[in-house]
Amino acid sequence: MTRRSVFCLILMVLVFSCKGKIHKEDSNKENYQSFGDATLDVFKGTPILFDPSVVPNGYHEPDVNGVIRLVNGRLILKRVELPKYERNVKLKLKLRLVSNGDPYDRSGSLFILSDSKKGVSPIDIAKDKQYPKMEGELEKYHGIIKLEDYEPCVEAMRFMTPFGVGHFSEGYNLPLPAGIDHWEKDVQWECDISHLYSILENGAYLGCWIDTWVKEGFLVDVKLEIIESKENKPMEKYKVLPLINTCPYIGQTYPDVFAYYKNGIKVKADIKATSEAKLYYTTTGHGGLSTGDEFNKKENVIFLNDKKIKRFTPWIESCKAYRKWNPTSGDVGGGLSSSDLARSNWCPGSIVLPEVILLEKTNVGDNIFSFTVREASKSEQNNLNFWLVSSYVVYK
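Okay, so let's go over this structure. (Residues numbered from 1 in each chain as written. Predicted model: local features only at pLDDT ≥ 70, side-chain atom pairs only at ≥ 80, totals over all residues. Heavy atoms only, no water.)

The subject of this paragraph is the side chain of S390. Residue placement: S390 occurs in strand β20 (residues 385-395). Residue class for S390 comes out buried when judged on its relative accessible area of 3%. Among the polar contacts made by the side chain of S390, one reaches the side chain of E155 at a distance of 2.5 Å. Beyond its immediate chain neighbours, meaning those up to four positions away, S390 contacts E155, R158, I244, N245, Y280, Y281 and T282. (Helix = DSSP H or I, 4+ residues; strand = E, 2+ residues; numbered from the N terminus. Buried < 20%, exposed > 50% of the residue type's maximum accessible area, 1.4 Å probe, protein only. Polar contact = N/O pair within 3.5 Å; in protein donor to acceptor, adjacent residues only side chain to side chain. Contact = heavy atoms within 4.5 Å.)

Once that is clear, we can look at the state of the cysteines. A covalent bond bridging the sulfur atoms of two cysteines is what the word disulfide describes. Counted under the stated rule, the structure contains 1 disulfide. Its sulfur unpaired, C191 is 12 Å from the next cysteine sulfur, which belongs to C208. Given the relative accessible area of 11%, C191 is considered buried. (Disulfide = S-S within 2.5 Å.)

Think of a ball as big as a water molecule: rolled over the atoms, this probe shows where empty space is left. The volume enclosed by the largest pocket comes to roughly 520 Å³. Taken together, 19 residues form the lining of the largest pocket, with D105, H286, G287, E294 and F386 sitting closest to its centre. Roughly 350 Å³ of volume is contained in the second largest pocket. Along the wall of the second largest pocket there are 20 residues; nearest its centre are V71, Y249, I250, G251 and Q252. Of the residues that constitute the lining of the second largest pocket, the class distribution is 9 nonpolar, 7 polar and 4 charged. (1 Å grid on protein atoms, 1.4 Å probe; cavity = no way out; pocket = protein on both sides within 12 Å on 5 of 7 lines; lining within 4 Å. Points joined across faces, edges and corners; volume = space filled by probe spheres on them. Nonpolar A, V, L, I, M, F, W, Y, C, P; charged D, E, K, R; others polar.)

As a further point, take the nonpolar core. Counting 43 residues, the largest nonpolar core has L93, L97, F159, I193 and L196 as the members making the most contacts within it. Residues within four places of L196 in sequence aside, it is in contact with I112, V154, A156, V240 and Y392. I144, F369, V373 and V393 belong to the second largest nonpolar core, which has 32 residues in total. (Core = buried A, V, L, I, M, F, W, Y, C linked by side-chain atoms within 4.5 Å.)

What follows concerns the sheet that holds β20. Ordered by their spatial adjacency, 4 strands build an open sheet running β10-β20-β12-β18, and the pairing between neighbours is antiparallel. Lying at the two open borders of the sheet, with one neighbouring strand each, are β10 (239-245) and β18 (355-358). This sheet shows a mean twist of 20° between the axes of neighbouring strands, independent of strand direction. Strand direction decides the pairing type here: β10 and β20, joined by 6 bridges, are antiparallel. Within β20, the position partnered with I244 by the bridge is S391. (Pairing = 2+ DSSP bridges. Axes fitted to C-alpha atoms, helices over the stretch in contact; angles between N-to-C directions.)

The subject of this paragraph is the environment of S318. Here S318 lies in the loop between β14 (307-312) and β15 (331-333). Residues S318 and I226, spaced 92 residues apart in sequence, show a C-alpha to C-alpha distance of 32 Å.

Now for the pairing of strand β7 (residues 187-192). Alternating positions in β7 separate cleanly, V187, W189 and C191 being buried on one face and Q188, E190 and D192 remaining unburied on the opposite face. Sheet topology places strand β4 (residues 89-99) next to β7; 6 bridges connect them, and they run antiparallel. Within β7, the residue paired with L97 across the bridge is V187.

As structure tokens, this is what we get:
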């Protein structure tokens, strides 16, 4: 046998032995079932409005589309069931909105009411149950913070409706501002809520609230889009712990609570994180006319166990970019429209994304978070001031 023949024989043995080894490793690898991508249409052309004659106070059974209407029509909920995914997924929340005759900018919120939530829910409140008793000034602001036997709802998306988009976009002969050749017919937003999959997978309600006070209101389309990973790896699941949510979904007042807690609203949290933990914090200031919280910069500060973890002033200067979604925005002089004005972390027509803060160290057991809006103003008669703040911790 020649030297070349010996070399070829050795090479063939190596090739087949490597293939056999790879095959053995693959045979021991667990296979995680693939369910494919999916889209869930939660709400489709669903009205959100204020009309006590159509939606009286109290609880109302789901309609033929599975929609529950509460708070005189200003709050809607629907049960959602997600496939039992085994691989990682990307979860997108999508919202399309048009005015159905409401010409004003309004606060809005999409939130999750999970089966694992502690304590009373918006549905329970509609059935005449009560929020747990709070201490001090917090007694005026029922259900906004986590207690031992109660959790607020987890906010998935904060949004601000434009002035009149859709209903007033055509046929009203509204003058077009310089640089705009048409009014948009709707407004659309989306955000990634993959980290909230765990509170949706075993069944939950998705809710949508808009602070409208007219019977025409708005129409909304809401979708959950699920994109499954192609990798054969097990899903990474996170725990979600809600801390605070001042959005007045039901049976609550406008939250000027931060004006009474100059040293912060304190929330206890038992976080048993084995690795990373993140705090999600969404904030917007509202009301008070030219001197109030909406049009003046107010610093937000967050502490964890007496250590400052975030200090910033939520403020947006670029609201002119949203002008074409605001056909009924009023003239405020100086060549400006109301929708052009800078605001406390929002513009008419904008989505409000959360601040995400990495928690480098949490105590095993009780942790104390403190949320402060410095120089927050109190509400007065005919002059509301308030901050919509929601926050939760995501951890492994």
